[in-house]
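# Per-entry structural report
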Amino acid sequence: MDSSTLIAAVSIFTAGLTIAIGSIAPALGEGRALAQALSSIAQQPDEASTITRTLFVGLAMVESTAIYCFVISMILIFANPFWNHFLQSTGG
Amino acid sequence: MTISPDEVIWQWGPLVLNRTILFTWLVMGLLVLVSWIVTRRLTSSASMTRGQNLLEVLVTGLRNQIREVSQQEPGSYLPFIGTLFLFIVVSNILAMIPGYVAPTSSLSTTAALATCVFVAVPIYGIRNQGVRSYLKQYISPSPLMLPFNIIGELSRTLAMAVRLYGNMMSGTVIVAILIGFVPLFVPVLMQVFGLLTGVIQAYIFAVLAMVYIASATEAKQNLAENNIEQKLNSESSSTDHEQTQNK
């Protein structure tokens, strides 16, 4: 296996792995946060607006870990620095 | 397929134009133009133009949100937070127009916006509580926490930039991928979902900026709260006193 095949294969495999593993924990966390917020709203409907606002901000914070993984996998596929370096060094 | 609208589309000598710059100026021009046209004919009577009504709803909503989030008077925060929110929300919503690329789906725009927040936090903090008291926050609860506080400041700026960029870019990329194998209806649904994401992300960016600024101006606010509490306590004690006297 020459180095170009190796770089391409590892990049694609890692991109899939990154988003697959990286989305597990935020999904669990967001589900937990949402369930907690729903039960809080059920208990105190008057505070619904505050709870919803805090929930949205909190979900965005939790979600950002998944977004990092997504950005990294996108970089690996579409803007891979190692792949670009390899193309330049071979003059392709 | 690209993950950034930063490629050069037009070049004339040292002048370089890419789609991010083009659409950023378009959004800024649109905002200024609409505000200028609407504020030409402001009235305080009950019958107002639609534009004035819209702007009043926006400003009132922003003021209420800032007041609820920061527990402070929104006056000095409104220009900064309102500008951030309006710019992001307009540039995200205009993504419905074919050919338009949201400037927020470029990491350079979001990094610039996050840098604005990064600079605004110490400015508001120092203005509200003075240099000494602001810098004291970095060594609280103990000087050991100094590096962590600094890292936290930097990493939350990075997180803000990457969060907005990732959300907007993922919308574009997912639509582009879906067009490849289900070109009918499904991309439209994802675009509608992208509208929702865009508005929520704009809201979150503004609220987070407000939360960070509020946390920098917190010490003074705690002082004010303590004063109010003391006042309430003294009032309640005085009423107790009166009641005992009445007895």
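Residues numbered from 1 in each chain as written. Chains lettered and ligands numbered in written order. Predicted model: local features only at pLDDT ≥ 70, side-chain atom pairs only at ≥ 80, totals over all residues.

### Digging into the overall build of chain B
The helix and strand inventory of chain B stands at eight helices and two strands. For chain B, the succession of helices and strands along the chain, N to C, is β-β-α-α-α-α-α-α-α-α. Summarising the internal contacts of chain B: among those between residues at least 6 apart in sequence, 67% fall at separations of at least 24. (Helix = DSSP H or I, 4+ residues; strand = E, 2+ residues; numbered from the N terminus. Contact = placed C-beta atoms within 7 Å.)

### Points about the environment of B:Ala176
All names here are of chain B. By secondary structure assignment, the location of Ala-176 is in helix 6 (residues 146-181). Look at Ala-176 and you get partly exposed, because 13 C-beta atoms sit within 10 Å. Through-space distance from the C-alpha of Ala-176 to that of Pro-187 is 8.1 Å; in sequence the pair is eleven residues apart. (Buried ≥ 20, exposed ≤ 12 C-beta atoms within 10 Å, placed from the backbone.)

### Focus on the interface of chain A and chain B
The parts lose accessible area when they come together, and the size of an interface is often stated as this lost area. With eleven residues of chain A in contact, the opposing surface of chain B contributes 14 residues. Classifying every residue of the side of chain A that touches chain B by side-chain character gives ten nonpolar, one polar and no charged. (Nonpolar A, V, L, I, M, F, W, Y, C, P; charged D, E, K, R; others polar.)

### Details of the environment of B:Arg40
Following the sequence through the fold, B:Arg40 ends up in helix 1 (residues 19-40). Separated by twelve residues in sequence, B:Arg40 and B:Gln52 place their C-alpha atoms 9.8 Å apart.

### Re the confidence of the model for chain B
All names here are of chain B. Looking at chain B as a whole, its pLDDT mean stands at 84, while 87% of the residues score no less than 70. For chain B, the element scoring lowest by mean pLDDT is helix 8 (residues 218-246), at 56; helix 3 (residues 78-93) scores highest, at 93. Our summary of model confidence lists the complex with pTM equal to 0.81 and ipTM equal to 0.75. (pLDDT = per-residue confidence, 0-100.)

### So, helix 4 (residues 107-129) of chain B
Residues and elements named next belong to chain B. With 23 residues, helix 4 extends 33 Å from end C-alpha to end C-alpha; this agrees with the ideal 33 Å at 1.5 Å per step. Within helix 4, burial applies to Thr-109, Thr-110, Leu-113, Ala-114, Val-117, Val-121 and Gly-125. Elements that come into contact with the buried residues of helix 4 comprise helix 1, helix 3, helix 5 (131-136), helix 6 and helix 7 (186-216). Just downstream of helix 4, Gly-130 is the residue with a positive phi angle, here 85°. (Expected span 1.5 Å × (residues − 1).)

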